[in-house]
Amino acid sequence: MLLNSKGKHRRPSKATRLATLAGVAGAAVAVPLMGATNASAASVETWDAVAQCESGGNWSINTGNGYYGGLQFSQSSWAAAGGTQYAARADLASKDQQIATAEKLLDMQGPGAWACAGAGGLTNDGVDPGVNPGGSGQSARKPEQAQPQRQAEQPTTRSEQREAPKAESKKTVTTPTGDKVKKGDGEYKVKSGDTLSKIAQKEGVKGGWSKLFQLNDDIVEDADLIFPGQQLHLK
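Residues numbered from 1 in each chain as written. Predicted model: local features only at pLDDT ≥ 70, side-chain atom pairs only at ≥ 80, totals over all residues. Heavy atoms only, no water.

Caption draft 1: Inspection of the nonpolar core at higher detail. Core analysis: the largest hydrophobic core is formed by 28 residues, its most contacted members being Trp47, Leu71, Phe73, Leu105, Trp114 and Leu122. Mapped by element, the contributors of at least two residues to this core are helix 2 (44-55), helix 3 (75-80) and helix 4 (95-109). Within the second largest apolar cluster, 12 residues are counted, among which are Tyr188, Val190, Ala200 and Leu212. (Core = buried A, V, L, I, M, F, W, Y, C linked by side-chain atoms within 4.5 Å. Buried < 20%, exposed > 50% of the residue type's maximum accessible area, 1.4 Å probe, protein only. Helix = DSSP H or I, 4+ residues; strand = E, 2+ residues; numbered from the N terminus.)

In structure tokens form, the structure reads like this:
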């Protein structure tokens, strides 16, 4: 948690006092003017360790205690170090943006600005964290995982629906009235104008139409009714 002047903070640095006098708008001007010749810097691993102590490593935390984000910036410290160029509060900024702002505050106040500096091993080690604070804030928040799409199941279902009529069409024949009758799997395919008598005579079925009817009684229900497309057994 960033230290303040009411017991929880250490004495504000000169840069912070200037920022307070100038207001938030002046803070962005005061920060670069007060930067030291050799800017302070710490690695991302170091800032992660500080954040782990300060906030449990939650970079988007806002518990309502007046401190925000992974490094628990107070609103005045966030503004003084130029964080408002990224987001109104630290918890609304990305991890990289919070670290970039913390680098400026470290340059202004030193490690003592954080109560967890010791626990995180925060020092002016001069290591450039290499963060990219560009873009808008709120990227620190974990995006909601997209719900698994169930559309992949639909093609299978539709495919089955398409295949069902085909499977049925292999076993049935549609009559002129729209009814479906058994198709059969015999060697003779009924043509328009055929009757059992004509077929028996043409194909030389011994026993005539009655024998033909008997051979196909599982397909033909009425000897007087056969339909084009039906396939009859001749023996």
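Caption draft 2: Summary view of the packing of helix 7 (residues 196-203) against helix 8 (residues 208-215). Viewed as axis vectors pointing N to C, helix 7 and helix 8 meet at an angle of 105 degrees, and their least axial separation amounts to 8 Å. With respect to each other, helix 7 and helix 8 are oriented roughly perpendicular. The residues of helix 8 that touch helix 7, namely those facing Leu196, Ser197, Ile199 and Ala200, are Gly208, Trp209, Leu212 and Phe213. (Axes fitted to C-alpha atoms, helices over the stretch in contact; angles between N-to-C directions. Parallel < 35°, antiparallel > 145°, perpendicular 65-115°, else oblique. Contact = heavy atoms within 4.5 Å.)

Caption draft 3: Representation of helix 7. Of the positions making up helix 7, those classed as buried are Leu196, Ile199 and Ala200. Axial view of helix 7: buried residues confined to an arc of 100 degrees, hence all on one face. Facing away from the buried side of helix 7 by over 90 degrees, the exposed positions are Gln201 and Lys202. Residues of helix 7 that are buried make contact with strand 5 (188-189), helix 8 and strand 6 (231-232). Following helix 7 by one or two positions, Gly204 adopts a phi angle in the positive range, close to 70 degrees. (Arc of directions from axis to C-beta.)

Caption draft 4: Local environment of the environment of Leu122. For Leu122, the position within the fold is in the loop between helix 5 (117-120) and helix 6 (153-169). Once the C-alpha coordinates of Leu122 and Leu106 are considered, the two residues, 16 residues apart in sequence, prove to be 9.3 Å apart. Setting aside residues up to four positions removed in sequence, Leu122 forms contacts with Ala42, Thr46, Trp47, Val50, Leu106, Pro111, Trp114 and Ala117.

Caption draft 5: Quick peek at unusual backbone geometry. For Gln72, which is not a glycine, the phi torsion comes out positive at approximately 50 degrees. Within the secondary structure, Gln72 is located in the loop between strand 1 (67-68) and strand 2 (73-74).

Caption draft 6: Main features of the state of the cysteines. Under the defined criterion, the tally for this structure stands at one disulfide. A disulfide bridge connects Cys53 with Cys116, and the sulfur atoms are separated by 2.1 Å. Taking the sign of the S-S torsion, about -60 degrees here, the bridge from Cys53 to Cys116 comes out left-handed. You can see Cys53 sitting in helix 2 and its partner Cys116 sitting in the loop between helix 4 and helix 5, a full 63 residues away along the chain. Taking the relative accessible area as the measure of exposure, Cys53 reaches 37% and is therefore partly exposed. Taking relative accessible area as the criterion, Cys116 reaches 10% and is therefore assigned buried. (Disulfide = S-S within 2.5 Å.)

Caption draft 7: Here's a closer look at the side chain of Asn216. Take Asn216: it is sitting in the loop between helix 8 and strand 6. Residue class for Asn216 comes out buried when judged on its relative accessible area of 1%. What Asn216 contacts, discounting residues up to four positions off in sequence, is Gln231, Leu232 and His233.

Caption draft 8: Local environment of the packing of aromatic side chains. With the rule as written, the count across this model stands at three aromatic pairs. Summarising the aromatic geometry, the rings of Phe73 and Trp78 are spaced 5.0 Å apart at their centres and angled 70 degrees between planes, so their arrangement reads as edge-to-face. Measuring from ring centre to ring centre gives 6.5 Å for Phe73 and Trp114, while their planes differ by 80 degrees; the resulting arrangement is edge-to-face. In this pair, Phe73 sits in strand 2 while Trp114 sits in the loop between helix 4 and helix 5, placing the two residues 41 residues apart along the sequence. Considered together, Phe73 and Trp114 belong to a single accessibility category, that of buried residues. Linked through ring pairs, Trp47, Phe73, Trp78 and Trp114 together constitute an aromatic cluster. (Phe/Tyr/Trp six-rings, centres within 6.5 Å; stacked < 30°, edge-to-face > 60°.)

Caption draft 9: Seen up close, the pattern of salt bridges. As enumerated under the stated definition, the model contains three salt bridges in all. Across the salt bridge formed by Asp48 and Lys95, the nearest N and O atoms sit 2.9 Å from each other. Remark: Lys95 occurs in helix 4 and Asp48 occurs in helix 2; sequence separation between them is 47 residues. Given the relative accessible area of 26%, Lys95 is considered partly exposed. Lys202 is paired through a salt bridge with Asp194; the nearest N and O atoms lie 4.0 Å apart. (Salt bridge = Lys/Arg side-chain N within 4 Å of Asp/Glu carboxyl O.)

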